[in-house]
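Coordinates in review
In case you want the letters, here they are:
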Amino acid sequence: VQSDYLDANPDTSMVFHRVRCLLSQRELKSQWPHETVPAEECHRARYSLDDLLLECFPVACSTMCRNRPNLLPTWHTRLAWGDWTLHVMNAIEGAIGFIDREMATYRVHAGGITRRFQTAKFLRQRVLFYDLLRPHLPVTSLPRLRQARAIALAKLIIGCAKRGKKKEAWVHLK
């Protein structure tokens, strides 16, 4: 299905689909790949690089990309994730397609990376990700990159302040 989609849509660089999330309580719950994408956007057939800069909404197990050797920059190993970098680099090359159909199950558990998305370490990595990504992006995407970086930095600073780490919060303000 995904291969056929890519063949029929040569301007797309990747395609993803819905997943069924298997929660740690062993409850099956059908949902959008990540809860960060608003419900009103659930049925868009296409997404862009600018959409992807705010959140990594395609679940790794739901994606298929065109074969592009040497697509990943060497710095991608410095981050705790690989899929977001891969998705962004693909989105630079073309649109992101979406198939509104469940075709995989994704297990969400307490030790998984998605449970750590708002930790200080993750947010610091997210700011680093945006800084490393900047030279690769087209000029038209730089305003969205600045917005996404500012949001991540604000969450990091607020989190530090709430945990009583005011010195760390000030470091990030500079």
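On a predicted model such as this, the values are computed, not experimentally measured, just so you know.

Side note on the nonpolar core
- Grouped together as the largest cluster of nonpolar side chains are 36 residues, with contacts concentrated most on W84, V88, F129, L133 and L137.
- At the level of secondary structure, the elements contributing two or more residues to this core comprise β1 (12–22), α2 (49–54), α3 (83–93), β5 (95–107), α4 (120–133) and α5 (142–162).
- Residues C21, V59, A104 and V108 belong to the second largest nonpolar core, which totals five residues.

Describing the side chain of S141
- In this fold, S141 is placed in the loop between α4 and α5.
- The exposure class assigned to S141 is buried, which follows from its relative accessible area of 4%.
- A polar atom in the side chain of S141 sits 2.7 Å from the side chain of D50.
- If we skip the residues at most four places from it in the chain, S141 touches L49, D50 and L53.

Reading guide: rules and limits
- Residues numbered from 1 in each chain as written.
- Predicted model: local features only at pLDDT ≥ 70, side-chain atom pairs only at ≥ 80, totals over all residues.
- Heavy atoms only, no water.
- Core = buried A, V, L, I, M, F, W, Y, C linked by side-chain atoms within 4.5 Å.
- Buried < 20%, exposed > 50% of the residue type's maximum accessible area, 1.4 Å probe, protein only.
- Helix = DSSP H or I, 4+ residues; strand = E, 2+ residues; numbered from the N terminus.
- Polar contact = N/O pair within 3.5 Å; in protein donor to acceptor, adjacent residues only side chain to side chain.
- Contact = heavy atoms within 4.5 Å.

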